[in-house]
Amino acid sequence: MSLLTNVMDHSLDDGYAEAAARKEAEGAGGMPRTVRAKLGLAAGLVLAALVVTVGAAQARIAAPTVAKERQELIDRIQRETAAADKLEGTVDKLRADVSARQREALKKDGGADRADLVGLLSGAVAVQGPGVKLVVDDAKEATSGGNGNPRETSGFSDTGRVRDRDMQRVVNGLWESGAEAVAVNGQRLTALSAIRAAGDAILVDNRPLVPPYTVLAVGDGERLSTRFQNSADGLYLNALQENYGIRTSISTEGDVRLPAAPSVIVRTAQPSAEKGTS
């Protein structure tokens, strides 16, 4: 009980009490006592209040201007996007017109059958027939590479991300296995097609694609599937699946439909004149 009584009677430590008394005696504690000190404190408070008031007023005045500029930027982006879409539609129409004129020129030069064959092999016309469907996707828990760019790591896809070089091997393996026409995510491949990386995206003819990557190939379905899976590129893809979790699936299809390539422009090549024998 004596301890509790002592705590109740001396709630403030003696040392703290002594220090407080010394400061009070020296005039170091409490509010300023001189007129000059009081005026300084008042001036400081007034200045702080003035700064806060001016800042709030400026923010209130600038708010409508900022909102207006933001809306103007949004409107400009929407206009430019609509203009870009319109131009892209015009480009597609012109490409279709060029392709039609090229086919007509081939028909006049070498006959309809030859024109159809050339158009099929070049990717200038849509095709359909039996084939295979190959789907390649990133691993479920894909991570970035050491330099922060998952598409440009060396060696295998140790990040769990499908790279442009992986897709190059897939496509080349299908061509080597007997594919007659190939498309990746709806993008028809031609002799001039390129598969590249740009940041975190894989580009096919400068058009970005997103996973999963669906590769459709026209050919003898069963034979094409077997030859690809037994090829070096098919084994490479299988190694990516087993070691790094990249997801793949391949199936034979009875009817595969591939669109025409968006742009097949002949600038240099010309039909050769057939020479008769004497």
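What counts and how
Residues numbered from 1 in each chain as written. Predicted model: local features only at pLDDT ≥ 70, side-chain atom pairs only at ≥ 80, totals over all residues. Heavy atoms only, no water. UniProt positions renumbered as here; feature names shortened; annotations may be inferred. Phe/Tyr/Trp six-rings, centres within 6.5 Å; stacked < 30°, edge-to-face > 60°. Lys NZ or Arg CZ within 6 Å of the ring centre and 35° of its normal. Pairing = 2+ DSSP bridges. Helix = DSSP H or I, 4+ residues; strand = E, 2+ residues; numbered from the N terminus. Salt bridge = Lys/Arg side-chain N within 4 Å of Asp/Glu carboxyl O. Buried < 20%, exposed > 50% of the residue type's maximum accessible area, 1.4 Å probe, protein only. Core = buried A, V, L, I, M, F, W, Y, C linked by side-chain atoms within 4.5 Å. Contact = heavy atoms within 4.5 Å.

- As named in an unreviewed UniProt entry, the protein chain is DUF881 domain-containing protein, taken from Streptomyces yaanensis.
- What UniProt records for the protein chain under Sequence similarities (unreviewed entry) is the sentence "Belongs to the UPF0749 family."

**Some remarks on the packing of aromatic side chains**
Argument step 1. Going through the model one piece at a time under the given rule, you end up with zero aromatic pairs.
Argument step 2. In this structure, Arg169 is placed above the aromatic ring of Tyr236, and the distance from its NZ or CZ to the ring centre is 4.2 Å.

**Observations concerning the sheet that holds strand β2 (residues 181-184)**
Argument step 1. Spatial strand order, β3-β2-β7-β1-β8: five strands in an open sheet with antiparallel pairing. With one partner strand each, in any of the chains shown, β3 (187-188) and β8 (247-258) form the two edges of the open sheet.
Argument step 2. Across six bridges, the pairing between strand β1 (residues 127-137) and strand β7 (residues 213-218) is antiparallel. Bridge pairing in β7 places Gly131 opposite Val218.

**Some points on the UniProt feature "transmembrane region" (unreviewed entry) in the protein chain**
Argument step 1. Mapped onto this numbering, the UniProt entry gives "transmembrane region" (unreviewed entry) at residues 39-59.
Argument step 2. Counted over residues 39-59, helix gives 100% and strand 0%. Its end C-alpha atoms are 30 Å apart.

**Structural notes on the pattern of salt bridges**
Argument step 1. Following the criterion strictly, the structure yields five salt bridges and no others.
Argument step 2. Taking the shortest distance from any N to any O, the salt bridge between Asp255 and Arg257 comes out at 3.2 Å.
Argument step 3. With relative accessibility at 55%, the residue Arg257 sits in the exposed group.

**Description of the nonpolar core**
Argument step 1. Counting 25 residues, the largest nonpolar core has Met167, Leu174, Val184 and Val215 as its most contacted members.
Argument step 2. Counting only elements with at least two residues in this core, the list comes to β1, α5 (164-176), β2, β5 (201-204), β7, α6 (221-230) and α7 (232-244).
Argument step 3. Among the elements that make up this core, the one with the highest residue count is α5 (four residues).
Argument step 4. Setting aside chain neighbours within four positions, we find Met167 in contact with Val136, Val162, Val184, Ile195, Ile202, Tyr213 and Val215.
Argument step 5. Judged by nonpolar contacts, the second largest core, of six residues, contains Ala181, Val218, Val256 and Leu258.

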